[in-house]
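What follows is each chain in one-letter form.
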Amino acid sequence: MKEIRISQVGCGIVGHGFLEVVRRKRDMLRDLGLDLKIVSVTDHTGTIYEKNGVDPKKVLGVKTLAEGVANSDMKGLEAIEEIESDLVVEVTPTNIDHGQPGLGHMEMALTQGKNVVTSNKGPLVVAFNRLKDLAGENGARLKYEATVGGTMPLISLVERNLVGNNILGIKGIFNGTCNYILTRMMEEGYPYGYALMEAQELGIAEADPAYDVEGIDTAAKMTILANSVFGMNVKYDDIDVTGITDITTESLALARDRGYLIKLIGEVPALTVKPMLVPRRSPLAVGGTLNAASIETDLSGTITVTGLGAGSIETASAILSDIVNIYTTRNIDDRS
Amino acid sequence: MRLSMDLELQDVPGQLILALEPFRLYKGNIISVVHHRDRKTPRGTIPVQLVFEISGSRIEQVKNHLKKNNISVVRIGEDRFVEEVSVLLVGHVVDSDLGDTINQIDSTGFAEVVDLCLKMPGIEDPSSAYIKIRATGKEEMSKALAILREVGVQKDLLVIEPIEAEML
């Protein structure tokens, strides 16, 4: 049985999801020969540290660790530096302008030779190549499946299952909120504002939806894909971004009458995010909050994957897969 | 040059081979053959549609050979357009001179707007237009779409392109 000591930094929706998934899957992980021990959890209010493992139930019941759970006032950087661990799960809120605080957390962990698994796009958008180099220099692994397609196995599919193929392009729907809004506008004839309001009431869209509907989230994902899969050196500003806020009910109806849907499509290495016409018969013609991505390869043709793009447990499942991959497989996916 | 041809064949065995024979003889490249066995004409003949590429100087020889083989040529015409895409424009499509937008494509000589459908919900509201563009090739279609994108920027129109072009 291999013991993996984990420091979790960030304890919001995804952080709670990860704790819940580890709790639920403990037996399955043991069957794989892995004993995941979360030795510390840190949020903006403090840290809970238990040498023999934090009981996830303790943390799952509170909104912040300040509610009688924290036993230390250590911040994220201190927790990563001072607590003995093998791997850091970095799930703090994302910031694509400067990447902090996640960027600092990842740099600290990788410098110490600790593996990093994250759902936090910001640091990867700002400094993917630097972080990857840092991991390589210190013999650590950096895994980030959850940053790109939620539960869609995209990075691992490209790096592992399609190894040997040249990846010619990836395009698809990478934002469940936009897909939900466009689906409801087309199916119900709702105007944009009403569909957005419905999405907000259902918790699918944030109170400030700009990050999703203006295409920022999708562009961040394209930045990560361009750098990781295509070995480019792309910054967020290199992506040509148009969101969905100008889409009208009438344009959706015109498209539908001619056998098309309108979807927000991200494309690499084209480096574009924009609404596009998708034929109804296309495998990318998925509705609701689903994401879908088509990977064009030289040997295997075009492969399309689809899956839930967001959600606490769904994102945590991608984090868990990354962790299991690190400790149960050889490093063929770290060739970059 | 690329041409399309409508033929009518007698409903007896071997006619299709006779119809295709001159294309082999005069080095034509057949792109497609559609043999409508289920759609006989009132005269009892079977319509066939061909698309092919051939040197312009050999068309008359093909036609003469078909005549000699007793095959009726109903129509022959240049088939210029091989690519087709649907595009949506959203914004003040009409106020920003839709005629000019279409003309910028048509005036290229290699692409044309062949279909248009417009929805205008209100005077102040943005309109939406569906247009279908045909072009003489992939490269020409890319150029036409680039022109449309540029027009979109100038006229503040959202240009929604398809994820893939369609072969005609």
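Our subject in this report is the structure included herewith. (Residues numbered from 1 in each chain as written. Chains lettered and ligands numbered in written order. Predicted model: local features only at pLDDT ≥ 70, side-chain atom pairs only at ≥ 80, totals over all residues. Heavy atoms only, no water.)

Right, let's get into unusual backbone geometry. Looking along the chain, the bond that leaves A:Gln100 and enters A:Pro101 is cis, with omega of 5°. Tracing the backbone shows A:Pro101 in the loop between strand S4 (87–90) and helix H5 (102–111). The peptide bond linking A:Val268 to A:Pro269 adopts the cis configuration, its omega dihedral lying at 5°. Along the chain, the position of A:Pro269 falls in the loop between strand S9 (260–268) and strand S10 (272–279). Even without a glycine there, the phi angle at A:Leu271 is positive, about 60°. Along the chain, the position of A:Leu271 falls in the loop between S9 and S10. One non-glycine residue, B:Lys27, lies in the positive phi region at around 55°. Take B:Lys27: it is sitting in the loop between helix H1 (15–25) and strand S2 (29–35). Residue B:Lys27 is classed as exposed on the basis of its relative accessible area, which comes to 65%. (Helix = DSSP H or I, 4+ residues; strand = E, 2+ residues; numbered from the N terminus. Buried < 20%, exposed > 50% of the residue type's maximum accessible area, 1.4 Å probe, protein only.)

Looking now at the interface of chain A and chain B. Of the residues lining the interface, 23 residues belong to chain A; the matching set on chain B comes to 20 residues. At the boundary of chain A with chain B, total buried surface from both sides reaches about 1800 Å², with 69% on carbon and sulfur atoms. Residue B:Glu161 is joined to A:Lys274 by a salt bridge in which the shortest nitrogen-to-oxygen separation is 3.8 Å. Our count for the chain A to chain B interface comes out at five residue pairs in polar contact (both at pLDDT 80 or more). Listing elements by their share of the side of chain A that touches chain B, those giving two or more residues are helix H13 (249–257), S9 and S10 of chain A. Here the element with the most residues in the side of chain A that touches chain B is S10(A); it accounts for six residues. Looking at the side of chain A that touches chain B residue by residue, the class counts come to 13 nonpolar, four polar and six charged. Sheet topology places S10(A) next to strand S8 (residues 158–162) of chain B; two bridges connect them, and they run parallel. Within the sheet, the bridge partner assigned to A:Leu277 lies in S8(B) and is B:Pro162. (Contact = heavy atoms within 4.5 Å. Buried area = accessible area lost by both parts, 1.4 Å probe. Salt bridge = Lys/Arg side-chain N within 4 Å of Asp/Glu carboxyl O. Polar contact = N/O pair within 3.5 Å; in protein donor to acceptor, adjacent residues only side chain to side chain. Nonpolar A, V, L, I, M, F, W, Y, C, P; charged D, E, K, R; others polar. Pairing = 2+ DSSP bridges.)

Without other data, these values stay purely geometric and don't point to any function.
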